[in-house]
Amino acid sequence: MQPRHGKATRRASEAGATVPEASARSARGARTDPNESPAAPEAALPEAGKFGPARKSGSRQKKSLPDTQERSPVRATGARAKKVPQCAQDARPSDATSAAGAEGLEPPAAREPAVSRAGSCRQRGARCSPKPRPPPGPWDGPSPGLPVSAPILVPPYDAAPGARKLRAVLEKLRLSRLDLSSVPKVVNGVVGHLLHRLKCESGFGGVERLHTGSYYEHVKISAPNEFDVMFKLEVPRIQLEEYSDTGAYYFVKFKRNPKENPLSQFLEDEILSASKMLSKFRKIIKEEINNIKDTDVIMKRKRRGSPAVTLLINKEISVDITLALESKSSWPDSTQDGLPIKNWLSAKVRQQLRLKPFYLVPKHAKEGNGFQEETWRLSFSHIEKEILSNHGKSKTCCENKEMKCCRKDCLKLMKYLLEQLKERFKDKKHLEKFSSYHVKTAFFHICTHNPEDSQWDPKDLGLCFDNCVTYFLQCLRTEKLPNYFIPRFNLFSSDLIEKKSKEFLSKQIEYERNNEFPVLVNFEIVF
């Protein structure tokens, strides 16, 4: 089978690239063009460790000699000290543990609560300057590496827009979907029609619908007219042959192949051909949509390397339909160190999830400048759905108002941030290879490092969201985002996404972050 592999997929460099050092995010200046070079960073303070320079006291205002005319008014006597959110206390490294974080042994330990800041511009009744901050210089941070050892950097507490602004964004996203409750009914009607036809076709008789995707995970954002549908087909007694040491892509063979096997028609030298099966799947759907009379359905042009058949319903609803092989065998060895939820959802839950089936979708592996069209890629979308549905360390998390967390809200905001940037720069094509799956994967890693429900208190939404942004930026800069289920499969490898695209996205996210995310706050949802 070696000749079939073709040119081996290049791996991402194991050597962690040195990430530039941090600069102070102090005085707010005029909004800076993200395409301009950032200003030179300030020198680090003596207390600075592995995780970047320590923040100077009163860094929000210019340091000067004690002069009552220049200093901001001091808070009234008896004013409460500013409370450090729990997620910040648990995530920020202390001096004693920064060395351990550098070695990748343990996540950073909790920091002691900060004292009150006299003269802070965050006084009660005082308004911060409306001028946006200039972008900071580069900063130092550890490589994400494997999910079990990657510490999370926590930015200054005022780095993200306030929770009130973010809540307004989430509310507007939610309200924008109230008038679209009929859309799922239209989609279900078309999907049901196609499913009925597939069941009558040789080779697809046992096909069933698998409910996965953001709609069923309840993290759908701003685009309720886009749906992902998976049709699963159980295939007993298969043998997997790993492609080019990727851990994610495989050739599929049958351990036994009786003549009456309906899938024999798709075999190519004993290999179950992903291209043949996808071609027949696509042909059946194309024929059947012509028989749907009460709904306008057309098939979009095939996207190179994509496993999905994309339909456009009533000229505004996009549906991606993907065929998936279901295997009830043990998960492949490449997943042995994946799904790191022991300290988050418990070892028992991990064991239970690994007893569930896994899926293979006809996704072609990258091979040089082309694709290997006979490969199948592992899929765990059903496990992702289950994790998001039961995301709390406490079994009652988010079941009532008293036990709420902001995990899903942070994921929605992250997905919307990427979506808006992709829409803004769609003509440049720098961001076309990024998807919400990259955001979701990074989010799962953050949940692993911050497993406690108290670290996701809704009152700390602004900080928790910025924590997610910080980690995602780390992944972009170091070009490392391990698949949550297959740790050695790097989603940000240079084979999959070129370096200049990652640099471009990093630059745009930094610009948005330094200017309090205008792309999130100043938006209108148009369908």
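Keep in mind that this is a model prediction, so the values were computed, not measured.

Trainee: What is the right way to look at the overall build of the protein chain in this model?
Mentor: When its secondary structure is counted, the protein chain shows 14 helices and 13 strands. Counting across all 527 residues of the protein chain, residues that qualify as buried make up 51%. Of all intrachain contacts in the protein chain linking residues separated by at least 6 positions in sequence, the fraction that spans at least 24 positions is 71%. Taken as a whole, the protein chain presents about 26600 Å² of accessible surface, with 49% of it coming from carbon and sulfur.

Trainee: Looking at this structure, how should I read the nonpolar core?
Mentor: Across soluble globular proteins, you tend to see nonpolar side chains buried next to one another. The biggest cluster of nonpolar side chains holds 110 residues, and the ones touching the most others in it are Leu272, Met277, Phe281, Leu311 and Trp456. Broken down by element, this core gets its largest block of residues, 10 residues, from helix H12 (residues 461-478). In terms of domain composition, this core takes at least three residues from each of domain 1 (175-329 + 358-380) and domain 2 (391-526). Aside from chain neighbours lying at most four places away, what touches Phe281 is Leu198, Phe204, Phe231, Val309, Ile321 and Leu323. Of all hydrophobic cores here, the second largest spans five residues; its members include Leu210, Met230, Tyr359 and Val361.

Trainee: Just to check I follow, could you spell out the side chain of Thr448 for this structure?
Mentor: With respect to the element layout, Thr448 can be found in helix H11 (residues 436-449). The class of Thr448 is buried, set by a relative accessible area of 13%. Reaching out from Thr448, the side chain makes a polar contact with the backbone oxygen of Pro340 at a distance of 3.3 Å.

Trainee: Please explain helix H13 (residues 499-514) as it appears in this structure.
Mentor: Because each turn of an α-helix spans 3.6 residues, side chains separated by three or four positions in sequence point in the same direction. In this model, H13 (16 residues) spans 22 Å end to end at C-alpha, consistent with the 22 Å of a helix rising 1.5 Å per residue. With respect to burial, H13 is a largely interior element, 12 of its 16 residues being buried. Along H13, the residues that are buried comprise Ser501, Lys502, Phe504, Leu505, Ser506, Gln508, Ile509, Glu510, Tyr511, Glu512, Arg513 and Asn514. Among the structural elements, helix H10 (407-424), H12 and helix H14 (518-521) are those in contact with the buried residues of H13.

Trainee: Looking at this model, I keep getting lost on the pattern of salt bridges. Mind explaining?
Mentor: If charged atoms from side chains of opposite charge come close, those side chains can pair. Summed over the entire model, instances satisfying the criterion amount to 25 salt bridges. The salt bridge involving Glu201 is made with Arg197; its shortest N-O contact spans 2.9 Å. Both residues of the pair, Glu201 and Arg197, count as buried. One continuous salt-bridge network, built from bridges that share partners, spans Arg197, Glu201, Glu287 and Glu288.

Trainee: Could you clarify how one ought to interpret the pairing of strand E4 (residues 249-254) in this entry?
Mentor: Two faces, one strand: in a regular strand the side chains alternate between the faces of the sheet. Of all the six residues making up E4, six are buried; the element is thus mostly covered by neighbouring parts of the structure. Alternating residues of E4 divide into Tyr249, Phe251 and Lys253 and Tyr250, Val252 and Phe254, and every residue in both groups is buried. As defined by bridge partners, strand E3 (residues 238-242) adjoins E4 across five bridges and the pair is classed as antiparallel. Looking at the pairing, Ile238 lines up with Phe254 of E4. The antiparallel hairpin formed by E3 and E4 contains six residues in its connecting segment, where Ser244 sits at a positive phi of about 50 degrees. Note that E4 and strand E13 (residues 376-379) share two bridges and pair antiparallel. Across the sheet, Tyr250 pairs through a bridge with Trp376, a residue of E13.

Trainee: Would you take a moment to explain the packing of aromatic side chains for this structure?
Mentor: Aromatic rings considered in pairs are described by the distance between their centres and by the relative angle of their planes. Inspection of every chain in the model, using the stated rule, returns 15 aromatic pairs. Residues Phe465 and Phe517 carry aromatic rings whose centres are separated by 5.2 Å and whose planes lie at 55 degrees to one another, so their mutual orientation is tilted. Here Phe465, found in helix H12, pairs with Phe517, found in the loop between H13 and H14; they are 52 residues apart in sequence, far enough to count as distant. As far as the burial class goes, Phe465 and Phe517 line up, both buried.

Trainee: What should I look at first to understand the environment of Lys422 in this one?
Mentor: Turning to its location among the elements, Lys422 is positioned in helix H10. Overall, the relative accessible area of 27% leaves Lys422 in the partly exposed class. Within the structure, Lys422 has its side chain in polar contact with the backbone oxygen of Phe434 (distance 2.6 Å).

Trainee: Would you mind going over the pairing of strand E2 (residues 226-234) with me for this structure?
Mentor: Looking at chain direction, strand E1 (residues 208-210) and E2 are connected through three bridges and run antiparallel. Residue pairing in the sheet places Glu208 in a bridge with Lys232 of E2.

Trainee: Just to check I follow, could you spell out helix H8 (residues 347-354) for this structure?
Mentor: Among the residues of H8, those classed as buried are Val349, Arg350, Leu353 and Arg354. For H8, the angular spread of the buried residues around the axis is 130 degrees, confining them to a single face. Of the residues in H8, the exposed ones pointing more than 90 degrees away from the buried face are Lys348 and Gln351. Close packing links the buried residues of H8 with helix H9 (381-389).

Trainee: Can you help me understand unusual backbone geometry in this one?
Mentor: What you tend to see is this: most non-glycine residues have negative phi, and most peptide bonds are trans. Positive phi values are uncommon outside glycine, yet Ser244 reaches one of about 50 degrees. Examined against the element boundaries, Ser244 turns out to sit in the loop between E3 and E4. A relative accessible area of 13% places Ser244 in the buried class. Of note, Leu339 is a non-glycine position whose phi angle comes to about 50 degrees, a positive value. Within the fold, Leu339 resides in the loop between strand E9 (317-327) and H8. Judged by its relative accessible area of 0%, Leu339 is buried.

Cut-offs and rules
Each residue is numbered by its place in its chain's sequence as written, counting from 1. For this predicted model, a pLDDT threshold of at least 70 governs which residues receive local features, and a threshold of 80 or more governs which side-chain atom pairs are given and counted, while totals over whole chains, interfaces and linings are taken from all residues. Water and hydrogen atoms play no part in the side-chain values, which are based on all heavy atoms of the structure. Numbering goes from the N terminus for both helices and strands, where a helix is a DSSP run of H or I of at least four residues and a strand is a run of E of at least two. Exposure categories follow from relative accessible area, calculated using a 1.4 Å probe and restricted to protein chains: below 20% of the type maximum is buried, above 50% is exposed, and the middle band is partly exposed. Contact criterion: two residues are considered in contact whenever any of their non-hydrogen atoms come within 4.5 Å of each other. All accessibility values rest on the Shrake-Rupley procedure with a 1.4 Å probe; residue burial counts only the protein chains present in the view. Each nonpolar core is a collection of buried residues, namely Ala, Val, Leu, Ile, Met, Phe, Trp, Tyr and Cys, held together in the definition by side-chain atoms within 4.5 Å. Where each domain starts and ends follows an automatic or database-derived domain assignment. What qualifies as a polar contact is a pair of N or O atoms within 3.5 Å, subject to a donor-acceptor requirement within protein and to the restriction that residues adjacent in sequence count only when both atoms come from side chains. Expected helix span is computed as 1.5 Å times (number of residues minus one). We define a salt bridge as a side-chain nitrogen of Lys or Arg found within 4 Å of a carboxyl oxygen belonging to Asp or Glu. Strand pairing requires that DSSP identify at least two bridges connecting the strands. Each aromatic pair joins two rings of Phe, Tyr and Trp (for Trp, the six-membered one) with centres within 6.5 Å, and gets the label stacked for planes under 30 degrees apart, edge-to-face for over 60, and tilted for any other angle. Along the arc lie the directions from the helix axis toward the C-beta atoms.

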